[in-house]
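# Architecture and fold: a report
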Amino acid sequence: MSSILLLNGPNLNLLGEREPDIYGDFSLEDIEKTIEKLGKENNIDTECFQSNAEHELVDKIHNAKSNGVKIILFNPGAFTHSSISLRDAILGVNIPLIEIHLSNIYGREEFREKSYFSDISLGVVSGFGKQSYLMAFQAAKNYLLRED
Ligand code: DQA
């Protein structure tokens, strides 16, 4: 069975409380439940993982290959703009990536415009709130169908 790994980086555990005008009033649990439900409906094995620690995300990416992950959906949070380690981890396992952001990172502070992931992603979904995750799931599903 094809497998999707949804990864979320630092501070995304605070969704719902954190700057709701920018990030929305739903929780990360809401997003993860929706993605898991979509996975079940589409017969795609889906795992969700969030961490505030860079090394835990690196380890999760390293283990993805042996866990049968075929595509990674990743909102790296602030690591988007800083983490060469996470970029190298993705390149190291050579698993296709879709980058996700709730907010439009190109319409905010200048420092958010630089992403260490965009150029190594199949595509980027940025600016559609919770919908960004649903759009990324749809894109991942299409990718997996094309592959199988
Ligand atoms: C974010 C955008 C990042 O710049 C920020 O640091 C986040 C969330 C987003 O989903 O819009 O933590 O990745």
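This is a predicted model, so every value here is computed, not measured. (Residues numbered from 1 in each chain as written. Predicted model: local features only at pLDDT ≥ 70, side-chain atom pairs only at ≥ 80, totals over all residues. Heavy atoms only, no water.)

## Quick notes on unusual backbone geometry
The condition is simple: Under the scheme used here, helices are H or I runs from DSSP no shorter than 4 residues and strands are E runs no shorter than 2 residues, and both carry numbers assigned from the N terminus. Exposed residues in this analysis have more than 50% of their type's maximum accessible area, buried residues have under 20%, and partly exposed residues fall in between, with area computed by a 1.4 Å probe over protein chains only.
One non-glycine residue, E19, adopts positive backbone phi at about 30°. One can find E19 in the loop between β1 (3–8) and α1 (20–23). In this structure E19 comes out as partly exposed when scored by relative accessible area, which is 42%.

## A short note on the site of the ligand
Applied cut-off: A single heavy atom is enough: if one lies within 4 Å of a molecule or strand, its residue is considered near that molecule or strand. Side-chain atoms alone can form a polar contact between residues adjacent in sequence; in general such a contact is a pair of N or O atoms within 3.5 Å, and within protein one must be able to donate a hydrogen while the other accepts it. Here the term charged refers only to Asp, Glu, Lys and Arg, the term nonpolar to Ala, Val, Leu, Ile, Met, Phe, Trp, Tyr, Cys and Pro, and the term polar to all other amino acids, Gly among them.
R18, Y23, N75, G77, A78, H81, H101, L102, S103, I105 and R112 make up every residue found near the ligand. Interatomic distance of 2.8 Å between a side-chain N/O atom of N75 and an oxygen atom of the ligand. In this structure, S103 approaches the ligand through a side-chain N or O atom, which is 2.5 Å from an oxygen atom. A per-class count over the shell around the ligand returns four nonpolar, five polar and two charged.

## Some points on the sheet that holds strand β2 (residues 45–50)
Operational definition: Here, any two strands with at least 2 DSSP bridges between them count as paired. For helices, the axis comes from a line fit to the C-alpha atoms of the stretch in contact; other axes are also lines fit to C-alpha atoms, and the angle between any two N-to-C directions lies between 0 and 180 degrees. Residues are treated as being in contact if the distance between any of their heavy atoms lies within 4.5 Å.
In spatial order, the strands read β2-β1-β3-β4-β5; together these five strands make up an open sheet with parallel pairing. Lying at the two open borders of the sheet, with one neighbouring strand each, are β2 and β5 (123–126). Direction aside, neighbouring strands of the sheet carry axes that sit 15° apart on average. Together, β1 and β2 form the strand contacts of helix α2 (residues 28–41), whose direction differs from that of β2 by roughly 165°. Docked against the sheet, helix α3 (residues 54–64) engages β1, β2 and β3 (71–75), running at close to 175° with respect to β1.

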